[in-house]
Amino acid sequence: MPAEIEVFDLPFLRAQFPALDQEINGHPLVYLDNAATAQKPWKVLDAVAQFYERDNANVHRGIHELSRRATEEFEDARARIASFMNASEPAEIIWTRGTTEAINLVAGTWALDNVGEGDEILISTMEHHSNIVPWQLVAERTGAKVRYIEMDDQGRLLLDQLSDVLGERTKIVSLAHISNALGTVNPIAEITRRVHDVGALMMIDGAQAGPHRPVDVQELGCDFYAISGHKMCGPTGIGVLWARRELLEEMSPYQGGGEMIRIVERDGSTWAEVPHKFEAGTPNIAGAVGMAAAADFLEEVGFDEIAEHERTVVRYAVEQLSQVPGLRIYGPDSLDERSGVISFTLGDAHPHDISTILDSEGVAVRAGHHCAQLVMRHFGVAATARASFYLYNTTDEVDRLVEALDTVRGIFGA
Amino acid sequence: MNEPTLNSLYQQLILEHYRKPRNRAELPEHTVEIHMYNPVCGDEIRLQLRVDGDRIAEAKFIGQGCSISQAAVSMMTVKLEGATLAEADDLANQFVNLMHGDEAAARDRSLGDLRALQGVSKFPVRIKCALLGFDALQEALKQSRLEAPAH
């Protein structure tokens, strides 16, 4: 076992996450399913609880004190996430249920208004289903075509072929910043420049990036960027679409209802200002408050420190897993091109069997197609097992994973 | 406490059926074919039966997935050959009982190799794996009866 490189106080950090401190099937939990959702620190749990305990009321509707407090916390949370993503102003932050809804919002408003027959939408075979299906729905309704950037055998986008699929018919390009199934980190700023060169818009699915690195939408220069709260230690059911204000101003509303209107008359209605135009109905107020607390938490720990620690753990994990006989890791060879996601198969043991056996030793990994069936098809597998790491994981936990994989090999004879 | 449970799940007989599935082949002369797919995990089974009168003359499958789903369907096809539709129906019902932890089902020798799957009942998230082939069977029986009503 190597000496733990203490970039920060790991025991103290882990103590912030109550869910990590439990036994599963008689073993201390090793939680390696962070790409699916992250555990929540006390700071987030307390923020949500305190909102409900003290300040709960509906927002933008009441004159009374609790409504004032709830509205203030809700809008402060918006401003907090605006600074987290370096948006120009809080109004560019639209609350959604998560990344999936953020992508659907862009597909259902901007794309339906601006994409027509013969136009093209460009995505990649690396995408999560939530960044494929909304565009397929747009294509069905408009007669547009969905085109794909392909991957190489290390699961990297074939950018030397980008000019073959990106052209004057391309209206919008939507790509993952980081792949949920492979961990590939895409050179998204460079791609954004090339997309703008042909006059198309650039949307980035930041579900796997937001939790791990500072997102600076102005520096990236993109048009839309989506993140989820629950993958960055925040609550489930809350996420954000960021878009440039000019775009939001001209976009049609998303859902109709309360909050998003200015005046409702028998023959039609007018819309509220951005961002409220996109937020029909009572929003997930406590979720927004919790997501802002998660942003506070991550920045207090420090993204540089998080990145350095994750790099240490992931490097060790790749080294150790590479020595397991019969184990194959998918995705980029170079650690510079991958994040904390390690997708793998082991001999002829099916990933579900791997996951059941690991669970019996307290090790939680995901098994399946990871909502990325095009990725599975690219590599000719039905499923993979996926260990995904976050700021609280340790090299000791990597050892526990490898030990549990020995049990898999014992049973399946791999 | 955990090892015995894991061992009871991954019985040698299951691993043996997983590695060397019985009746894993195309059956061109089938009278009914059912494709079952679990979109959550990607496991799939294409079950083909040749039904002659009220008997299953042959049962084959093509599939991919975890050891539990593939071993269960392999074991199931072994029991199906020569069975009447009513017997196949009973087999499916008794297997569902086994998955629900029924002790009488666990003692029922007529289940054959399928009894090795008893341990799956202790792993709730894996029960649907074991049932995938039987879901296909129940659908196949329904269709066979519709095509050739009992006389």
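Reading the values: the criteria
Residues numbered from 1 in each chain as written. Chains lettered and ligands numbered in written order. Predicted model: local features only at pLDDT ≥ 70, side-chain atom pairs only at ≥ 80, totals over all residues. Heavy atoms only, no water. Salt bridge = Lys/Arg side-chain N within 4 Å of Asp/Glu carboxyl O. Helix = DSSP H or I, 4+ residues; strand = E, 2+ residues; numbered from the N terminus. Buried < 20%, exposed > 50% of the residue type's maximum accessible area, 1.4 Å probe, protein only. 1 Å grid on protein atoms, 1.4 Å probe; cavity = no way out; pocket = protein on both sides within 12 Å on 5 of 7 lines; lining within 4 Å. Points joined across faces, edges and corners; volume = space filled by probe spheres on them. Domains from an automatic or database assignment. Phe/Tyr/Trp six-rings, centres within 6.5 Å; stacked < 30°, edge-to-face > 60°. Contact = heavy atoms within 4.5 Å. Buried area = accessible area lost by both parts, 1.4 Å probe. Nonpolar A, V, L, I, M, F, W, Y, C, P; charged D, E, K, R; others polar.

Re the pattern of salt bridges
Working step 1: All told, the structure shown has 31 salt bridges over all chains when counted by the stated rule.
Working step 2: Here Glu279(A) ties to Arg78(A) by a salt bridge, and the two come within 2.8 Å at their closest N and O atoms. In this pair, Glu279(A) sits in the loop between strand S12 (268-271) and helix H10 (285-301) while Arg78(A) sits in helix H3 (residues 65-84), placing the two residues 201 residues apart along the sequence. Here Glu279(A) and Arg78(A) have matching classes, each one buried.
Working step 3: We note a salt bridge from Arg19(B) to Asp348(A), for which the minimum N-O separation is 3.6 Å. With one member in each of two chains, Arg19(B) in helix H2 (residues 12-19) and Asp348(A) in the loop between strand S14 (341-346) and helix H12 (351-360) form a pair that bridges those chains.

Topic: empty space enclosed by the protein
Residue and element names in this part refer to chain A.
Working step 1: Counted under the stated rule, the structure contains 1 cavity of 30 Å³ or more.
Working step 2: If you trace the largest cavity, you find it lined by Asn 34, Ala 35, Gln 208, Pro 211, His 212, Lys 231, Gly 340, Val 341 and Phe 389.
Working step 3: Counting contributing residues per domain, the lining of the largest cavity is built from domain 1 (10-31 + 302-412) and domain 2 (45-299), each supplying no fewer than three.

Considering unusual backbone geometry
Both trends apply: most residues other than glycine have a negative phi, and most peptide bonds are in trans.
All names here are of chain A.
Working step 1: Of note, the bond from Val 274 into Pro 275 is cis; its omega dihedral lies within 30 degrees of zero at 5 degrees.
Working step 2: Checked against the element boundaries, Pro 275 lands in the loop between S12 and H10.
Working step 3: Phi is positive for Cys 233, which is not a glycine, with a value near 75 degrees.
Working step 4: Here Cys 233 is to be found in the loop between strand S9 (224-228) and strand S10 (239-243).
Working step 5: The backbone phi angle of His 370 is positive, close to 55 degrees, even though this residue is not glycine.
Working step 6: With respect to the element layout, His 370 can be found in the loop between strand S16 (366-368) and helix H13 (373-379).

Considerations on the packing of aromatic side chains
All names here are of chain A.
Working step 1: Taken as a whole, this structure holds 10 aromatic pairs over all chains when the rule is applied.
Working step 2: Here the aromatic rings of Phe 17 and Tyr 392 are separated by 4.7 Å at their centres, their planes lie at 65 degrees, and the arrangement is edge-to-face. Of this pair, Phe 17 sits in the loop between helix H1 (10-15) and strand S1 (23-24) while Tyr 392 sits in the loop between strand S17 (384-388) and helix H14 (395-412); the two residues are 375 residues apart in sequence, bridging distant segments of the chain. By the burial criterion, Phe 17 is buried, and Tyr 392 matches it.
Working step 3: Relative to Tyr 392, the ring of Tyr 390 lies with its centre 5.8 Å away and its plane at 70 degrees, an arrangement referred to as edge-to-face.
Working step 4: Overall, the relative accessible area of 0% leaves Tyr 392 in the buried class.
Working step 5: Taken together, the ring pairs in this structure connect Phe 17, Phe 297, Tyr 390 and Tyr 392 into an aromatic cluster.

Some points on the domain arrangement of chain A
Residue and element names in this part refer to chain A.
Working step 1: Splitting chain A by domain gives domain 1 (10-31 + 302-412) and domain 2 (45-299).
Working step 2: For domain 1 versus domain 2, the separation of C-alpha centres amounts to 28 Å.
Working step 3: The interface is formed by 32 residues belonging to domain 1 together with 34 residues belonging to domain 2.
Working step 4: Taken together, both faces of the contact between domain 1 and domain 2 bury some 2,600 Å²; the carbon and sulfur share is 62%.
Working step 5: Its largest share of buried area at the contact with domain 2, domain 1 owes to Phe 303, Leu 374 and Tyr 390, together 26% of the area lost on that side.

A word on the layout of surface pockets
Think of a ball as big as a water molecule: rolled over the atoms, this probe shows where empty space is left.
Working step 1: Its boundaries defined by the atoms lining it, the largest pocket holds a volume of some 450 Å³.
Working step 2: In terms of lining residues, the largest pocket is bounded by 22 residues, among which Ser355(A), Thr356(A), Asp359(A), Val125(B) and Arg126(B) are the most central.
Working step 3: At the level of elements, H12, strand S15 (363-364) and S16 of chain A together with helix H1 (2-9) and helix H6 (127-147) of chain B are the ones that each hand at least two residues to the lining of the largest pocket.
Working step 4: Considering each element in turn, the lining of the largest pocket owes the most residues, 5 residues, to H12(A).
Working step 5: Residues of the lining of the largest pocket, tallied by class, amount to 10 nonpolar, 8 polar and 4 charged.
Working step 6: Empty space within the second largest pocket amounts to approximately 350 Å³.
Working step 7: Around the second largest pocket, the lining comprises 24 residues; the ones closest to its centre are Thr100(A), His128(A), Ser130(A), His230(A) and Lys231(A).
Working step 8: At 3 residues, helix H4 (residues 99-114) of chain A tops the list of elements feeding residues into the lining of the second largest pocket.
Working step 9: Class assignment for the residues of the lining of the second largest pocket results in 7 nonpolar, 10 polar and 7 charged.
Working step 10: When residues of the lining of the second largest pocket are sorted by domain, at least three fall in each of domain 1 (10-31 + 302-412) and domain 2 (45-299) of chain A.

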